[in-house]
Amino acid sequence: MTPLPENPQRPIGEDDRDTAVRRLQEAYAEGHISHEEMDERLHTALTAKTHGDLVPALASLPAEKAATTSTIAAAGGRIRRRGAWRVPRNLKVESAFGRVHLDLSRAVVEHPVIDIELQLGTGRAKITVPRDAIVDFDNLHTGWKDTRYKPPRRSRAGGPTIRISGTMGFGRLKIRHAGR
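Calculation criteria
- Residues numbered from 1 in each chain as written.
- Predicted model: local features only at pLDDT ≥ 70, side-chain atom pairs only at ≥ 80, totals over all residues.
- Heavy atoms only, no water.
- Helix = DSSP H or I, 4+ residues; strand = E, 2+ residues; numbered from the N terminus.
- Buried < 20%, exposed > 50% of the residue type's maximum accessible area, 1.4 Å probe, protein only.
- Contact = heavy atoms within 4.5 Å.
- Areas by Shrake-Rupley, 256 points an atom, 1.4 Å probe, with all protein chains shown as cover.
- Lys, Arg positive; Asp, Glu negative; His and termini not counted.
- Charge placed at Lys NZ, Arg CZ, Asp CG, Glu CD.
- Salt bridge = Lys/Arg side-chain N within 4 Å of Asp/Glu carboxyl O.
- pLDDT = per-residue confidence, 0-100.

Asker: Would you mind going over the overall build of the protein in detail, with residue names and values included?
Answerer: Along its length, the protein carries 3 helices and 12 strands. Seen along its three principal axes, the alpha-carbon backbone of the protein occupies a region of about 50 × 30 × 30 Å. Considering the protein as a whole, with its 180 residues, one finds that 34% of them fall into the buried category. Put simply, 69% of the contacts in the protein that link residues at least 6 apart link residues at least 24 apart. Roughly 10900 Å² of accessible area belongs to the protein as shown, and the carbon and sulfur atoms make up 49% of that amount. Counting 30 positive and 22 negative side-chain charges, the protein places the averaged centre of each group 15 Å from the other.

Asker: Tell me what's going on with the pattern of salt bridges, and back it up with residues and numbers.
Answerer: Enumeration over the complete set of coordinates arrives at 6 salt bridges. We note a salt bridge from Arg-86 to Glu-110, for which the minimum N-O separation is 2.1 Å. Separated by 24 residues along the polypeptide, Arg-86 in strand 3 (residues 86-87) and Glu-110 in the loop between strand 6 (108-109) and strand 7 (113-122) bring together distant segments of the chain. Residue class for Arg-86 comes out exposed when judged on its relative accessible area of 54%. Among the residues examined, Glu-110 registers a relative accessible area of 47% and is labelled partly exposed. Ionic pairing is found between Asp-115 and Arg-163, a salt bridge with its closest N-O pair at 2.7 Å. Note that Asp-115 is positioned in strand 7 and Arg-163 in strand 11 (residues 161-170), a separation of 48 residues in sequence. Residue class for Arg-163 comes out partly exposed when judged on its relative accessible area of 26%.

Asker: Kindly report on the confidence of the model for the protein, identifying the contributing residues and their values.
Answerer: Looking at the protein as a whole, the pLDDT averages 85, with 91% of positions reaching at least 70. By mean pLDDT, the top-scoring element of the protein is strand 8 (residues 125-129) (95), and the lowest-scoring one is helix 1 (residues 14-29) (82). The low-confidence segment residues 1-5 (pLDDT under 50) makes 12 contacts with residues lying over four places distant or belonging to another chain.

Asker: Lay out unusual backbone geometry in plain terms, naming residues and giving numbers.
Answerer: Positive phi, close to 65°, is recorded for Ser-60, a residue that is not glycine. As for its position among the elements, Ser-60 is in the loop between helix 3 (51-58) and strand 1 (69-74). Take Ser-60: its relative accessible area is 49%, and that puts it in the partly exposed class.

Asker: Can you tell me about the environment of His-101, naming the residues and giving the values?
Answerer: Positionally, His-101 belongs in strand 5 (residues 99-103). Remark: the alpha-carbon pair of His-101 and Arg-78, spanning 23 residues in sequence, is separated by 8.0 Å. Non-local contacts of His-101, meaning those with residues more than four positions away in its chain, are made with Ile-79, Arg-80, Arg-81, Lys-126 and Thr-128.

In structure tokens form, the structure reads like this:
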């Protein structure tokens with residue numbers, strides 16, 4: 001059962017709306033609601049202005065599954081993910097010494113928002129994101145060098161949002177879009 005919001009008059013943001021739409025799509029895919037009911041609830045969710053307006057759209061849905069965090073860790077050496085790998089909703093990367101390279105360009109991205117937490121001591125990190133991804137690294141703290149990121153000239157809608165947070169000691173993070 002979906003819990004009631006703490007403050008029903010609080011305006012909703014795009015993340016809240018995206019979460020509601022995702023939950024409705026999952027409920028339909030799992031057979032909890034009919035196609036017609038999903039259409040009605042999607043309309044309610046997409047036109048909602050406050051959290052209270054979302055309550056009818058999410059009423060009687062099963063409780064949301066807790067997000068799990070996957071951790072990739074190495075004391076030294078190289079951490080590398082590339083090709084067709086499944087990207088979890090929350091990914092934590094820990095490395096004391098060494099390089100990190102995450103290539104999401106051909107990865108299976110099932111979530112509209114991916115949170116990547118970096119905990120790096122020394123060494124460089126490189127993250128290649130899908131061409132249409134939106135990148136947010138405002139919550140990343142660097143100790144020595146600034147992050148290198150050149151946003152695309154023309155952004156396309158529909159890609160995932162990649163939020164990068166955490167701390168980097170001595171090293172630089174380079175973020176680039178695939179196909180550049």
